[in-house]
Amino acid sequence: MAVLAMKRISIYALKSNRKKILELLQRRGAVEIDSPKEADDVFSKTDTASARLTFEKNAQQAVNAVSILDGVSPPEKGLPKMLLGRTPVTLEQYEKTAEAAPVHAKTASRILALDKRISDETAEILRLESQLDALTPWLSLDISMRTLGTGSTNVFIGSFPEELTEADLKNKLASSLPEADGIELEIISSQSQQTCVFLVCHSKLGMQVESLLRSMGFTYPAAPSKRPPAERAEELRQRIAKAKENSARAEAEIAELKDSREALLYTADYYAMRADKYRVLGELWQSPHTFVVTGYVPEPDSLALQRELEERYQAFVELENPETDEDVPVKLKNNRFSAPVEPVVEGYSLPAKHEVDPSSVMAIFYYVLFGMMLSDAAYGFLIFLICGVVLLKFRNIEESLRKSLTMFMYCGISTMFWGVMFGSYFGDAIPVIARTFFNTEITIPALWFTPLDNPMKLLLFSFLLGIVHLFTGLGVQFYQLVKRRKFADALYDVVFWYFLVGGLIIFLLSTDMFHNMMSLSFQFPSIVGTIAAVFAGVGAVGIIATSGRESRSPVKRLLKGLYGLYNVSGYLSDILSYSRLLALGLATGVIATVFNQMGSMLGGGVVGAVFFTLVFIIGHAMNLAINLLGAYVHTNRLQYVEFFGKFYEGGGRKFEPFAAKTKYFKVTEEK
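Computed from a predicted model, the values in this text were never measured in an experiment.

**Student:** What exactly am I supposed to notice about the overall build of the chain here?
**Tutor:** When its secondary structure is counted, the chain shows 22 helices and 10 strands. Taking 671 residues into account, the globule formula puts the C-alpha radius of gyration at 26 Å, and the chain, at 41 Å, lies well above it. Dimensions along the principal axes, computed over C-alpha positions, put the chain at roughly 130 × 85 × 65 Å. Relative to all contacts within the chain whose residues are 6 or more apart in sequence, the contacts with residues 24 or more apart total 81%. Looking at the chain as shown, the accessible area adds up to about 35200 Å², and 60% of this sits on carbon and sulfur atoms.

**Student:** Sorry, what's going on with the nonpolar core here?
**Tutor:** Grouped burial of nonpolar side chains is what soluble globular proteins tend to show. Counting residues in each nonpolar core, the largest one holds 55 residues, and the members touching the most others are V341, M362, Y366, Y367, M407 and L581. At the level of secondary structure, the elements contributing two or more residues to this core comprise α10 (342-348), α11 (359-374), α12 (377-393), α13 (399-422), α15 (455-483), α21 (579-599) and α22 (605-643). In terms of residue count, the dominant contributor to this core is α11 (11 residues). In contact with Y366, not counting residues within four places along its chain, are V341, V344, M407, C411, Y632, T635, N636 and Q639. Formed by 22 residues, the second largest nonpolar core is a distinct cluster that contains I11, L22, L281 and L305.

**Student:** I keep staring at a nonpolar patch on the surface and nothing clicks. Help me out?
**Tutor:** A cluster of nonpolar side chains, contributed by V606, V610, L614, I617, I618, M622 and I626, occupies part of the molecular surface with about 710 Å² of accessible area. Examined against the element boundaries, M622 turns out to sit in helix α22.

**Student:** Help me understand the environment of A272 in this model?
**Tutor:** Tracing the backbone through its elements, the reader meets A272 in helix α8 (residues 261-281). In the structure, A272 is positioned 214 residues away from N58 in sequence and 8.4 Å away in space, judged by C-alpha atoms.

**Student:** I tried to follow the pattern of salt bridges on my own but got confused; where do I start?
**Tutor:** Pairing between side chains becomes possible if they bear opposite charge and their charged atoms approach one another. In this structure the tally under the stated criterion is 31 salt bridges. Residue E308 pairs with R28 through a salt bridge whose shortest N-O separation is 2.6 Å. Of the two residues, E308 is situated in helix α9 (residues 299-313) and R28 in helix α1 (residues 18-28); the sequence distance between them amounts to 280 residues. A relative accessible area of 32% means that R28 is categorised as partly exposed. Residues D493 and R549 are paired through a salt bridge, measuring 3.0 Å at the closest nitrogen-oxygen approach. With a gap of 56 residues between them, D493 in helix α16 (residues 487-509) and R549 in the loop between α18 (526-546) and α19 (554-566) connect regions that are remote in the sequence. You can call R549 partly exposed: its relative accessible area is 33%. Each of R8, D34 and E326 takes part in a single network of salt bridges with overlapping partners.

**Student:** Looking at this model, I keep getting lost on helix α6 (residues 206-215). Mind explaining?
**Tutor:** One turn of the α-helix equals 3.6 residues, which is why residues spaced by three or four share an orientation. Buried residues of α6: G206, V209, L212 and L213, and no others. For α6, the buried positions fall inside an angular range of 135 degrees around the axis, keeping them on one side. Seen from the open side of α6, the exposed residues pointing more than 90 degrees away from its buried face are M207 and S215. Packed against the buried residues of α6 are β4 (153-160), α5 (166-176) and β6 (195-202). Note on α6: the residue one or two positions beyond its end, G217, has a positive phi of about 95 degrees.

**Student:** Explanation requested: the packing of aromatic side chains in the structure shown.
**Tutor:** Note on aromatic pairs: each is described by the distance of the centres and the angle between the planes. A complete count under the given rule lists 42 aromatic pairs for this structure. Relative to Y498, the ring of F471 has its centre 5.1 Å away and its plane inclined at 75 degrees; by these criteria the two rings are edge-to-face. Of this pair, F471 sits in helix α15 while Y498 sits in helix α16, placing them 27 residues apart in sequence. Among the aromatic residues, those joined into a cluster by ring pairs are F55, Y94, Y266, Y270, Y271, Y278 and F665. Here the basic side chain of K393 rests over the ring of F394, its NZ or CZ set 6.0 Å away from the ring centre.

**Student:** Mind showing me how you'd approach the pairing of strand β1 (residues 6-14) here?
**Tutor:** The two faces of the sheet receive side chains in turn, since in a regular strand these alternate between them. Extensive coverage of β1 is indicated by the burial of seven of its nine residues. Note: β1 against strand β8 (residues 290-298), nine bridges, orientation antiparallel. Across the sheet, residue A13 finds its bridge partner in β8, namely F291. The pairing of β1 with strand β9 (residues 316-320) spans five bridges and is antiparallel. Bridged to Y12 within β9 is F316.

**Student:** What should I look at first to understand the side chain of S338 in this one?
**Tutor:** With respect to the element layout, S338 can be found in the loop between β9 and α10. S338 sits in the buried class, given a relative accessible area of 2%. Those residues in contact with S338, other than ones at most four positions away along the chain, are S359, S360 and A363.

**Student:** Help me understand the packing of α11 against α22 in this model?
**Tutor:** When two helices pack together, you describe them by how their axes are tilted relative to each other and by the distance separating the axes. Contact geometry for α11 and α22: axes closest at 9 Å, N-to-C directions at 140 degrees. Considering only the axes of α11 and α22, their crossing is right-handed. Of the residues in α22, those touching α11 at V361, M362, F365, Y366, L369, F370, M373 and L374 are L624, N627, L628, A631, Y632, H634, T635, N636, L638, Q639 and F643. For the contact of α11 with α22, the residue count by class is 14 nonpolar, five polar and no charged.

**Student:** Where do I start with the side chain of T294 in this structure?
**Tutor:** Relative to the helices and strands, T294 resides in strand β8. In this structure T294 comes out as buried when scored by relative accessible area, which is 13%. There is a polar contact of 2.3 Å between the side chain of T294 and the backbone oxygen of D34. In contact with T294, other than residues within four places in its own chain, are R8, I9, S10, E32, I33, D34, S35 and P36.

**Student:** Hey, could you run me through the sheet that holds strand β5 (residues 184-190) in this one?
**Tutor:** In sheet architecture, strand pairing relies on hydrogen bonds along the backbone and comes in two forms, parallel and antiparallel. A sheet is described by the order of its strands in space; here three strands give the open sequence β4-β6-β5, paired in antiparallel fashion. Edge positions in the open sheet fall to β4 and β5, since each of these has one partner strand only. Pairwise comparison of adjacent strand axes, ignoring direction, gives a mean angle of 15 degrees for this sheet. Sitting on the sheet, α5 is in contact with β4, β5 and β6, with an inclination near 140 degrees to β5. Against the sheet, α6 touches β4 and β6, its axis set at about 5 degrees to β4.

**Student:** Would you explain the pairing of β8 in this entry?
**Tutor:** Counting buried positions over the nine residues of β8 gives eight, a clear majority of the element. The pairing of strand β2 (residues 32-33) with β8 spans two bridges and is antiparallel. When the bridges of β8 are listed, E32 appears paired with Y296. For strand β7 (residues 285-286) and β8, the ladder comprises two bridges, and the chain directions are antiparallel. For W285, the partnering residue across the bridge sits in β8 and is V292. Here β7 folds back onto β8, and the loop between the two strands holds three residues.

Conventions and cut-offs
Residues numbered from 1 in each chain as written. Predicted model: local features only at pLDDT ≥ 70, side-chain atom pairs only at ≥ 80, totals over all residues. Heavy atoms only, no water. Helix = DSSP H or I, 4+ residues; strand = E, 2+ residues; numbered from the N terminus. Rg over C-alpha atoms; globule rule 2.2 N^0.38 Å. Contact = heavy atoms within 4.5 Å. Areas by Shrake-Rupley, 256 points an atom, 1.4 Å probe, with all protein chains shown as cover. Core = buried A, V, L, I, M, F, W, Y, C linked by side-chain atoms within 4.5 Å. Buried < 20%, exposed > 50% of the residue type's maximum accessible area, 1.4 Å probe, protein only. Patch = residues over 30% accessible without salt bridge, like charges linked within 9 Å, V, L, I, M, F, W, Y side chains within 5 Å. Salt bridge = Lys/Arg side-chain N within 4 Å of Asp/Glu carboxyl O. Arc of directions from axis to C-beta. Phe/Tyr/Trp six-rings, centres within 6.5 Å; stacked < 30°, edge-to-face > 60°. Lys NZ or Arg CZ within 6 Å of the ring centre and 35° of its normal. Pairing = 2+ DSSP bridges. Axes fitted to C-alpha atoms, helices over the stretch in contact; angles between N-to-C directions. Left-handed = near helix turned anticlockwise from the far one by under 90°. Nonpolar A, V, L, I, M, F, W, Y, C, P; charged D, E, K, R; others polar. Polar contact = N/O pair within 3.5 Å; in protein donor to acceptor, adjacent residues only side chain to side chain.

Listed below in structure tokens is the structure:
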């Protein structure tokens, strides 16, 4: 259990070394920068917002450029990025990236400009093709669509919203304007929902003819061409071809830049780091010649960092213990066995002031409880094998993923252990296979007992494990209170509950009723039960007398004491919660057994073997996935609700150092 002690660090240095010091702090990732100092006549802050926005823009442009490259020239598919991790680079490679960043930024701008050209040309092609489609019905018209007539004639070029013949139109004109003559009509094209026409008449009939045509649904073209439609269509085709050529040329140029993908990703990280550095730079207090960095550093790293800054940059570094009322960040440090469950602790909350890191104690119970809920040796071996291979093969994966995989690997070992204890190997797959395909009986007996044959025994063991788990939580609370020298609180809030709950449990184990009801193989002597009852009574009286000790009124103290005693029902509820160990453990075995029986329905032979294999693979994969998720969720619940509820409040603030928060690469060594 280790919450690293923090030191408040103050760095005073010359402005000429500011860039190098900040870059060193960023690479080390050991200092959380905090600048609480008030403004005065000497020190002030620099406005870096403009520069920071520029760097953020450059970083985003590089990322966008890579997305464009991937769209035009997709990279080869490989292993998932989360397994490969960030690409490690040396400090020398990083500095070369920094020097070339402006060049790569121009490359990103060029790619974005080319992509914009492609977008513009694509939009232009769609616009021109729409115009070409609108001209298609008019291609046989050999004059301009904007022709209105001559000095003595009126020309009408337009369409009707239905399919009409020349005879239909002439008949309608003749019936509506019987006195009109000299009207010439030509159908340019006719479709099911459109008829394009050319009509010419004497100018004195123009208004009458137009009025009649409009009453029939006649409309003029939305965008009539100045030249004959055929000539305009040819011009549009040439423009479309030119736009496609420009777009293809731009795509080809982008494809030629595909080798710059990695450099662009490095550039994105470089500018992201610079943006973060300028954010910090804007928070620092500076004078004309000096600057000050203040914050928190883990105590194990403090002296080495102090020595390095003083020797390399002649800075003055001051280390102090934080004040008791300071909001000190929290960083956990555990061994290889406990560190994997740190993300589980963080998922609840980091330790508050004066609280211990529960990772070490929790890890033991976490692995044990998880294994009991899954409790199949074959499933455990698969989990262990998969996690172990990934951890060995992909050593560059991120630390958070490494911790999670290590945690599940340990859970796999625990699952194997409980599977051997309970005799479960893919459920009852071994005897089913032997009986179905080899006409023999082969079994691997449980090292302890088979839960399906004796569920009550597993239930009692689950309750026992739950009691140990809860009492351990109370023990951690006792340790915390004694460490803070709150001896009275340790007696009132822990020891009395040990007396009450422990005494009641031992008293029950000494009674004939409980012994017969649970079919126990042992029973405590009555004298032990009597002593336990006395201890329980002492605990109950102590709880009633002390639970309301903060109140001055005797009545309120009594009422709060009685309410505190009522919380013994919470312990009963917590202990019953551990029955989920039985439920999930049995569920894994029962479902596995069902799939084995389903697979053996067709008996032996080739067909039966094929069917069994399919059912076995699909069924056990589903069973493993579902119960793996169930074991993870319910193990977390037992930690968060039952275990943490006895001693842990949380509320600590995570240590967030000024570091190289990169997505694509990480600096691995110093020059």
